[in-house]
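Listed here are the chains, written in short residue letters.
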Amino acid sequence: SYDTLSTRTAVVTGAASGMGEATARLLAAHGARVALLARRAERLDELAAKITAEGGRALAVTADVTDSGSVAAAAARIHEAFGPVDLVVNSAGVMLPNPITEGREDEWARMIDTNLSGALRVIRAFVPDLVAAAAEGRTADLVNVSSIGAHVSFPNYAVYGATKAALTHLSATLRTELGGQDVRVTNIEPGLTSTELADHIDNAELSGQLDGMLSAIGALAAEDVADLIAYTTSRPRHVNLRQLVVLPTRQA
Ligand code: NDP
């Protein structure tokens, strides 16, 4: 059962859509207080209203994870409203594939700054809360949403895959640092999932290729990944599912 989530205070990045939104809703449905982080204020306000209407507790906090000041301001607002948090989900991410020969430094910078450095800024802002919660005997979780792209190589996705491989390695290493302090670190690597992620691809051929894959093999729903996050964060505190790989059944 997910009952223990009712005692938790969570921060979910990328909560404006996709996995982050689904995770925030599910955690809130099980009674957690949830801070919603992303750049689109309207989306966050809508989600917060929906969660509240469903009887949950949510706080919309507009923030850009590529901006240290923005993350620090978001953390201050969350601390003021909720106090310290004990569950952090890094779901904010962008996927901008292109042939490496295109040399799209703008896209490389955005992916590295969001998927890797963005997660690090959020980790810096909230890991002290997690360590303190665990020291008081409470359950504390850091969940990073990486990708199967951390392991499987796809042409034209070199930089995206590199950011996800880095995030997966970061999770594994942080576990060696935080596990001894009773903070769990969980790295989730989903395969194809139906979200807004592909909407930002700036290459018609690669967009078409991804659409083709989606119709050929299908996709996970964002809710499927949210369910795993709710599952892993509601285990007894001595149990750490450290690495979850989840694929649509037809994805090789
Ligand atoms: P979405 O595009 O639906 O969600 C990504 C979220 O990140 C959005 O809500 C977006 O909101 C937010 N975001 C993007 N940039 C920033 C930023 N600079 N600061 C704060 N928030 C930001 O896609 P998914 O739900 O699919 O993506 C969630 C995670 O899952 C990503 O890390 C992605 O790489 C990973 N993933 C996705 C897979 C898939 O097939 N969909 C497969 C494997 C992993 P806003 O624009 O309002 O800021």
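Residues numbered from 1 in each chain as written. Predicted model: local features only at pLDDT ≥ 70, side-chain atom pairs only at ≥ 80, totals over all residues.

What to know about the site of the ligand
For the ligand, the set of nearby residues contains 32 residues, the closest of which are Gly14, Gly18, Arg39, Arg40 and Gly93. Of all the secondary structure elements, the ones that give two or more residues to the shell around the ligand are helix H1 (18–29) and helix H4 (105–135). A per-class count over the shell around the ligand returns 13 nonpolar, 14 polar and five charged. (Near = placed C-beta within 6 Å. Helix = DSSP H or I, 4+ residues; strand = E, 2+ residues; numbered from the N terminus. Nonpolar A, V, L, I, M, F, W, Y, C, P; charged D, E, K, R; others polar.)

As for the environment of Ala134
Turning to its location among the elements, Ala134 is positioned in helix H4. When the 20 C-beta atoms within 10 Å are taken as the criterion, Ala134 is described as buried. Separated by 39 residues in the primary sequence, Ala134 and Thr173 have C-alpha atoms spaced 18 Å apart. Apart from residues lying up to four places away in sequence, Ala134 is in contact with Ala140, Gln181, Asp182 and Val183. (Buried ≥ 20, exposed ≤ 12 C-beta atoms within 10 Å, placed from the backbone. Contact = placed C-beta atoms within 7 Å.)

What about the sheet that holds strand E3 (residues 57–62)?
Strand pairing within a sheet occurs via backbone hydrogen bonds; the two strands may be parallel or antiparallel. Reading across the sheet, the seven strands line up as E3-E2-E1-E4-E5-E6-E9 and stay open at both edges, with parallel pairing between neighbours. Looking at strand neighbours, the two that pair on one side only are E3 and strand E9 (243–246), the edges of this open sheet. On average, each strand axis in the sheet is inclined to that of its neighbour by 15°, with strand direction left out of account. Two elements, strand E6 (residues 183–190) and E9, share four bridges in a ladder whose sense is parallel. When the sheet's bridge partners are listed, Glu189 is paired in E9 with Val245. (Pairing = 2+ DSSP bridges. Axes fitted to C-alpha atoms, helices over the stretch in contact; angles between N-to-C directions.)

Examining helix H2 (residues 41–53)
Side chains that are three or four residues apart share a direction in an α-helix, a result of its 3.6 residues per turn. Between the first and last C-alpha of H2 there are 18 Å, a value that for 13 residues agrees with the 18 Å anticipated at 1.5 Å per step. All of the buried residues in H2 are Leu44, Leu47, Ala48 and Ile51. Each buried residue of H2 sits inside an arc of 100° when the element is viewed along its axis, so together they form one side. Residues of H2 that are exposed and angled more than 90 degrees away from the buried face: Glu42, Ala49 and Ala53. Immediately beyond the C-terminal end of H2, within one or two residues, lies Gly55, with a positive phi of roughly 90°. (Expected span 1.5 Å × (residues − 1). Arc of directions from axis to C-beta.)

Notes on the nonpolar core
Within the largest apolar cluster, 60 residues are counted, with the highest numbers of intra-cluster contacts made by Ala10, Val34, Leu36, Leu37, Ala58 and Val88. Counting residues per element, this core draws most heavily on H4, which supplies eight residues. Contacts of Ala58, omitting those with residues within four sequence positions, involve Ala24, Ala28, Val34, Leu36, Leu47, Ala48, Ile51 and Thr52. With eight residues, the next largest nonpolar core counts Leu96, Tyr157, Val159 and Leu197 among its residues. (Core = buried A, V, L, I, M, F, W, Y, C linked by C-beta atoms within 7 Å.)

Observations regarding the UniProt feature "domain: Ketoreductase" (unreviewed entry) in the protein
UniProt's entry tags residues 8–191 with the feature "domain: Ketoreductase" (unreviewed entry), counted in the numbering of this structure. Here residues 8–191 is 50% helix and 19% strand, with 28 Å between the C-alpha atoms at its ends. (UniProt positions renumbered as here; feature names shortened; annotations may be inferred.)

What about the environment of Arg57?
Secondary-structure assignment places Arg57 in strand E3. Judged by the 16 C-beta atoms lying within 10 Å of it, Arg57 falls in the partly exposed class. Spatially, the C-alpha atom of Arg57 lies 21 Å from that of Val122, the residues being 65 residues apart in sequence. Residue contacts for Arg57: discarding those within four places in its chain leaves Ala28 and Arg33.

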